[in-house]
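Single-letter residue listing:
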Amino acid sequence: MLHRKTVLLALLGLVVCLPAAAQSLVSRYVSGDDYKVASSPGPARAHGAVRVTEFFLYSCPHCFHFEPELNAWLKQHPKIAFSRVPVLFGSGAQPYARLYYTEVKLGVVDRLHDQIFDAIHEDGRPLSTEGQMRQFMEAHGVDGQRFDKIYNSAAVKQKVQHIVARMQRYPVMSVPSISVAGRYWTSGRMAGSNARMLKVADYLIEQSRTTTPSSGS
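What you see is a predicted model, and the numbers here were worked out from it, not measured in a lab.

Asker: Explain the environment of Tyr-184 to me, using residue names and the numbers behind them.
Answerer: Inspection of the secondary structure puts Tyr-184 in strand E6 (residues 184–187). Taking the relative accessible area as the measure of exposure, Tyr-184 reaches 12% and is therefore buried. Separated by 132 residues in the primary sequence, Tyr-184 and Val-52 place their C-alpha atoms 9.5 Å from one another. In contact with Tyr-184, not counting residues within four places along its chain, are Tyr-35, Lys-36, Val-37, Tyr-170, Ile-178, Ser-179, Leu-204 and Ser-208.

Structure follows, in structure tokens:
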């Protein structure tokens, strides 16, 4: 009898403990502390995949050091819809934003994004003017005249104008930072480190997969 009673008490203990354990997983990351919720959410998914956006600035050393970490993380998340938004912090940020969207239009982001970071932070080349950017692009196989045309195009200027609205939605106050499902935003500063920011993003992605409906755009 004593043995059966002991087993029964142990099983009851497990039943009591399970909800507490589950609750600790749910509340491991706290809204307002580890991430924020957007006041006006944007599209949660693209073609069925949860949207994840990195906010960055080419001249930011923290973004530069975060890039290898992010690249490794992205390889573990092939089923998200990932994009980047260059932030407009300070008067010198707009040329970098135009540079990024020019890369997108030229189809060279995958090839040159990391190399631009390296040029600025390792080689001491600021790439802060259109001339410096064009010289860099030409050295990496991009036609200079084509670069000039896209860099100064209405399409790129419009992309830059849209950044303000994207930044205000969360609002973005530091970089690097990440938004998930058009609804959540976290940063290395908020999470405590860039590595923990990615853990928070993991949590928010899983939350979004179970709570947001699939959409095609």
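After that view of the structure, there is still more to cover.
Asker: With reference to specific residues and values, describe the packing of helix H3 (residues 93–106) against helix H4 (residues 109–121).
Answerer: It is the contact of H3 with H4, at a shortest axis distance of 9 Å, that shows an interaxial angle of 155°. When the axis of H3 is compared with that of H4, the two are roughly antiparallel. Handedness of the crossing formed by H3 with H4: right-handed. Between H3, through Tyr-96, Leu-99, Tyr-100, Glu-103 and Val-104, and H4, the contact on the second element is made entirely by Val-109, Leu-112, His-113, Ile-116 and Ile-120. Residues belonging to the contact of H3 with H4 are distributed by class as follows: 8 nonpolar, 1 polar and 1 charged.

Asker: Kindly report on the pattern of salt bridges, identifying the contributing residues and their values.
Answerer: Considering all chains together, one arrives at 6 salt bridges under this definition. Where Asp-34 meets Arg-196, a salt bridge forms, and the shortest distance between an N and an O atom there is 2.7 Å. Of this pair, Asp-34 sits in the loop between helix H1 (2–26) and strand E1 (36–37) while Arg-196 is found in helix H9 (residues 194–211), placing the two residues 162 residues apart along the sequence. Judged by relative accessible area, which is 9%, Asp-34 ranks as buried. In this structure Arg-196 comes out as partly exposed when scored by relative accessible area, which is 29%. Arg-84 serves as the salt-bridge partner of Glu-54, at 3.3 Å between the closest nitrogen and oxygen. Here Arg-84 lies in strand E4 (residues 81–86) and Glu-54 lies in strand E3 (residues 49–56), a separation of 30 residues in the sequence. Taken individually, Glu-54 and Arg-84 each receive the classification buried, so the pair is uniform in this respect.

Conventions we followed
- Residues numbered from 1 in each chain as written.
- Predicted model: local features only at pLDDT ≥ 70, side-chain atom pairs only at ≥ 80, totals over all residues.
- Heavy atoms only, no water.
- Helix = DSSP H or I, 4+ residues; strand = E, 2+ residues; numbered from the N terminus.
- Buried < 20%, exposed > 50% of the residue type's maximum accessible area, 1.4 Å probe, protein only.
- Contact = heavy atoms within 4.5 Å.
- Axes fitted to C-alpha atoms, helices over the stretch in contact; angles between N-to-C directions.
- Parallel < 35°, antiparallel > 145°, perpendicular 65-115°, else oblique.
- Left-handed = near helix turned anticlockwise from the far one by under 90°.
- Nonpolar A, V, L, I, M, F, W, Y, C, P; charged D, E, K, R; others polar.
- Salt bridge = Lys/Arg side-chain N within 4 Å of Asp/Glu carboxyl O.

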